[in-house]
Amino acid sequence: MKTTVLLINLGTPDSPSVSDVRSYLAQFLNDPRVVDLPWLARKILVNFIIVPFRAPKSARIYQKLWTKNGSPIIVHGQRVQELLQARLGDGYTVELAMRYKNPAIRDVLQRIKMANPDRIIVLPLFPHYASASTGSALQEVLEAVKDWWVIPQLKIISQYWDDPLFIKALIERGKQYDWREYDHVLFSYHGLPERQVDKVYQRGLCQDHHCEQEVTDSNKYCYKAACYGTTRLLAQGLGIPEEKYTVCFQSRLDKNWLKPFSDRVVAEQAMAGAKKLLVFSPAFVADCLETTIEISHEYQLLFEQHGGEKIQLVESLNDHPAWIDTLEGLVVGD
């Protein structure tokens, strides 16, 4: 059986130039799963307010992030693609695509179509399901293949926040640092508007389902519940007591996003006397703007401004062997 594995990450501008960043932001923020406003309101907000004012600032940030080999999310992704291909062998073809910009999902799927595989395994690189990430990537795949005359067997992996190999990989990353040497540990996840999390539920809202304490059949696709679930498993594996850590959410756009906000927690810890913080960011499997810049640089400055000394980011899985083990297990497992 010929199997193609399609790895999908969020995306990146083609370069850190203002024009390329503007193009990336326009495609990203015009996605109705990302900015879930009525069509006209979204178009006005994104194309006439957010993108024109944000693109130049974002371009300067991407220039700090960029390496001689290009965007880190692409560099790490290509390395993972190569390592997973070597691990899976000749019966598999591993492809890499980005939801926004390049390599585009539709372009990669066209190449897959020409190869005529027996099945396609779609594996978004988002451990925790969210409509704005996993949902958007899967919709793009399904819309691309719906008109194929021959649609091969499809296997979709929508989330794996509690996969034992995934948790093991995070633990191995975390063991590089002794959490006991830090005043507090943060588990910082990318934020989402609360209204998007509430849309998961057929009845009630997120606040009605005890998402901070447990994952049940009713909240199993709730992003917030999954983030807290990963944290509990990771803290248990590393032996971090509950009073020693805080779950928080970064990259918010307004006050109606998931709380507590990571930047506020950082400032509060510093004002309470903390001098050293250890920060995990388990939602990101590859270091990117949100980890390398937002946590390591922006939060470091914020921490210092309020009396702290050192924020230590636990690096993302990137191309760690345990991450390749995880992906292999997800692909070959039933």
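Numbers given to residues run from 1 along each chain, matching the order in which its sequence is written. Selection of residues for local features in this predicted model requires a pLDDT of at least 70, selection of side-chain atom pairs for listing and counting requires 80 or more, and totals for whole chains, interfaces and linings are taken over all residues. Only hydrogens and water are set aside when side-chain values are computed; all heavy atoms of the structure are taken into account.

Engineer: What exactly am I supposed to notice about the overall build of the protein here?
Structural biologist: Only runs of H or I of at least four residues qualify as helices and only runs of E of at least two qualify as strands under DSSP, and these elements are numbered from the N terminus. For the protein, the helix and strand inventory stands at 11 helices and 8 strands. In this treatment the radius of gyration is a C-alpha quantity, and the globule benchmark scales as 2.2 Å times the residue count to the 0.38 power. Here the protein has a C-alpha radius of gyration of 20 Å; the compact-globule value for 334 residues is 20 Å, and the two agree. Dimensions of the protein, computed from C-alpha atoms along their principal axes, come out at roughly 65 × 50 × 45 Å. In this scheme, a residue with accessible area under 20% of its type's maximum is buried, one over 50% is exposed, and one in between is partly exposed, where area comes from a 1.4 Å probe on protein chains only. Taken over 334 residues, the protein has a buried fraction of 55%. Counting rule for charge: Lys and Arg are taken as positive, Asp and Glu as negative, and neither His nor the chain ends is counted. Charge placement uses NZ in Lys and CZ in Arg. For Asp and Glu, CG and CD serve respectively. Charge-centre separation for the protein: the mean point of 38 positive side chains lies 4 Å from the mean point of 40 negative side chains.

Engineer: Sorry if this is basic, but what is going on with the pairing of strand β3 (residues 119-124) here?
Structural biologist: Regular strands have side chains that alternate between both faces of the sheet. Across the 6 residues of β3, 6 count as buried, placing the element largely inside the fold. Judged by which residues are buried, β3 turns out to be covered on both faces: R119, I121 and L123 on one side and I120, V122 and P124 on the other are all buried. Here strand β1 (residues 3-11) pairs with β3 via 6 bridges, running parallel. Among the inter-strand pairings, T4 is bridged to a residue of β3, identified as I120. In short, DSSP must find at least two bridges between two strands for them to pair. Pairing of β3 with strand β4 (residues 153-156) involves 4 bridges; the strand directions are parallel.

Engineer: Mind showing me how you'd approach the environment of L142 here?
Structural biologist: Following the sequence through the fold, L142 ends up in helix α5 (residues 131-145). Judged by its relative accessible area of 40%, L142 falls in the partly exposed class. Sequence separation between L142 and L154 is 12 residues; the distance between their C-alpha atoms is 9.8 Å. Only heavy atoms enter the contact rule, under which two residues are in contact if any of them lie within 4.5 Å. Residues in contact with L142, not counting those within four places in the same chain, are L154 and I156.

Engineer: So what exactly am I meant to see when it comes to the side chain of N9 here?
Structural biologist: Its location among the elements puts N9 in strand β1. On the basis of relative accessibility, which here comes to 8%, the residue N9 falls in the buried class. In this structure, N9 is in contact with I73, A97, M98, R99, L125, F126, V285 and A286, ignoring residues within four places of it in sequence.

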